[in-house]
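Reading the structure
Given next are the chains, with one letter for each unit.
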Amino acid sequence: MDTRRIGTILAILLTIVYLAYIVSIPLGLVTHRLEVHEVALAAALLVGVWFAASPYSITDFSIGADGVSARLDRTEAKQRALESELRALQVALSGLVTKYEWDHLRRLAGEGSVPARFRQDGKLQLELERLDAMGFVEPVDSKRGLNAMREDHGHAYEEFDLTRYVRITQAGREYLRLREKL
């Protein structure tokens, strides 16, 4: 059972006891009556218990010449909404690129050469074109573009350095940073 539920149950029980006491005074069922300040203290305690059981929290509290003031905030509801939005962002970021495209981005973000092999089915070309369309990579040679890989290596299955044909953009680096952070 969570603390908010326990607090609510305690608040309800205290409210019942308090109201029973107040009702029993005019009925003559109370032989020893509490003083006014004791009743006020009990009421303040009751308000405090109800407040503790509520989803609100105090963000600003002041006592001054103008009296007592407090600003309340629904932090729990806001936190749930933020957690929900964060989870949606996690799903969106993780599903934006395939695991193969993710691997290309990570390797291109690193230092040194990135070994690759041109495939006859054009899968590497398609993955890089998709990353280029999202702005995460860009061709090194703006005139030949990504087709330069096919022109240079489409006839042979030799390994080549992918960094000679494509580089990661700032947006690609930012995507990696955000995805790793989430």
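Conventions and cut-offs
- Every chain is numbered on its own, with residues counted from 1 as its sequence reads.
- Residue-level local features of this predicted model are given only where pLDDT is at least 70; pairs of side-chain atoms are given and counted only at 80 or more, and the full residue set underlies all totals for whole chains, interfaces and linings.
- With hydrogens and water stripped out, all remaining heavy atoms of the structure feed into the side-chain values.
- Counting from the N terminus, the helices are DSSP H or I runs at least four residues long and the strands are E runs at least two residues long.
- Relative accessibility thresholds used throughout: buried, under 20% of the residue-type maximum; exposed, over 50%; partly exposed, between the two (1.4 Å probe, protein chains only).
- Working definition of accessibility: Shrake-Rupley area with a 1.4 Å probe, residue cover restricted to the visible protein chains.
- The directions from the helix axis to the C-beta atoms are what the arc is built from.
- Throughout, a residue-residue contact means that at least one pair of heavy atoms, one from each residue, lies within 4.5 Å.
- Salt bridges are counted wherever a side-chain nitrogen of Lys or Arg sits within 4 Å of a carboxyl oxygen of Asp or Glu.
- In this description, a line fitted to the C-alpha atoms serves as the axis of each element, helices being fitted only across the stretch in contact, and the angle between N-to-C directions of two axes falls anywhere from 0 to 180 degrees.
- In these notes the angle categories are as follows: under 35 degrees is roughly parallel, over 145 is roughly antiparallel, 65 to 115 is roughly perpendicular, and the rest is oblique.
- If you view the pair so one helix is near and one far, a crossing is left-handed when the near helix is turned anticlockwise from the far one by less than a right angle, and right-handed when it is turned clockwise.
- Each residue is assigned to one class: nonpolar for Ala, Val, Leu, Ile, Met, Phe, Trp, Tyr, Cys and Pro, charged for Asp, Glu, Lys and Arg, and polar for all the others, Gly among them.
- Throughout this description, the term nonpolar core refers to a set of buried Ala, Val, Leu, Ile, Met, Phe, Trp, Tyr and Cys residues connected via side-chain atoms within 4.5 Å.
- Centre distance within 6.5 Å is the pairing criterion for rings of Phe, Tyr and Trp, where only the six-membered ring of Trp is used; planes under 30 degrees apart are then read as stacked, over 60 as edge-to-face, and the remainder as tilted.

Moving on to the overall build of the protein. When helices and strands are tallied, the protein shows seven helices and six strands. Listing the helices and strands of the protein from first to last along the sequence gives α-α-β-β-α-α-β-α-β-α-β-β-α. Here the protein holds 182 residues, and the buried ones make up 25% of them. Total accessible area computed for the protein in this model is approximately 12600 Å², and 59% of it derives from carbon and sulfur atoms.

Taken together, the buried positions of helix α5 (residues 123-133) are occupied by Leu124, Gln125, Glu127, Leu128 and Leu131. What you see down the axis of α5 is that its buried residues fit within an arc of 165°, all on one side. The outward face of α5, more than 90 degrees from its buried face, is lined by the exposed residues Leu126 and Ala133. Elements in contact with the buried residues of α5: α4 (99-109), β3 (115-117), β4 (137-139), α6 (147-153), β5 (159-161) and β6 (166-168). Gly135, located one to two residues past α5, shows a positive phi value of around 85°.

Under the definition given, this model contains 10 salt bridges. Between Arg107 and Asp103 there is a salt bridge, with the nearest N and O atoms lying 3.4 Å from each other. Residue Arg107 and its partner Asp103 are located together in helix α4, separated by four residues, close to a single helical turn. Taking relative accessible area as the criterion, Arg107 reaches 28% and is therefore assigned partly exposed. In this structure, Lys123 engages Glu127 in a salt bridge whose closest nitrogen and oxygen atoms are separated by 3.6 Å. Here Lys123 and its partner Glu127 are both found in helix α5, four residues apart, which amounts to about one turn of the helix.

Quick look at the packing of α4 against helix α7 (residues 170-181) now. One way to put it is that α4 packs onto α7 with a least axis distance of 10 Å and a crossing angle of 110°. As far as their axial angle goes, α7 and α4 are roughly perpendicular. Crossing handedness for the pair α4 and α7: left-handed. Between α4 and α7, the contacting residues are Trp102, Leu105, Arg106, Leu108 and Ala109 on the first element and Arg173, Tyr175, Leu176, Arg179 and Glu180 on the second. Along the lines of polarity and charge, the residues of the contact of α4 with α7 split into six nonpolar, no polar and four charged.

Moving on to the nonpolar core. Within the largest apolar cluster, 23 residues are counted, with the highest numbers of intra-cluster contacts made by Leu105, Leu128, Met149, Phe160 and Leu162. Elements represented by at least two residues in this core include exactly α4, α5, α6, β6 and α7. Beyond its immediate sequence surroundings of up to four residues, Leu105 is in contact with Leu131, Phe136, Val137, Ile168, Tyr175 and Leu176.

Attention now goes to the packing of aromatic side chains. Counted under the stated rule, the structure contains three aromatic pairs. Grouped by ring-pair contacts, the aromatic residues Trp102, Phe136 and Tyr175 constitute a single cluster.

Our focus in this paragraph is α4. Three or more residues of α4 are buried, namely Glu101, Trp102, His104, Leu105 and Leu108. Down the axis, α4 shows its buried residues gathered within 160° of arc, on one side only. Buried residues along α4 sit in contact with α5, β4, β6 and α7.

With that settled, consider the environment of Asp132. Residue position: Asp132 is located in helix α5. The partly exposed category is assigned to Asp132, whose relative accessible area is 31%. Residues Asp132 and Thr169, spaced 37 residues apart in sequence, show a C-alpha to C-alpha distance of 9.1 Å. Beyond its immediate stretch of four places on either side in the chain, Asp132 contacts Val137, Glu138, Pro139 and Leu146.

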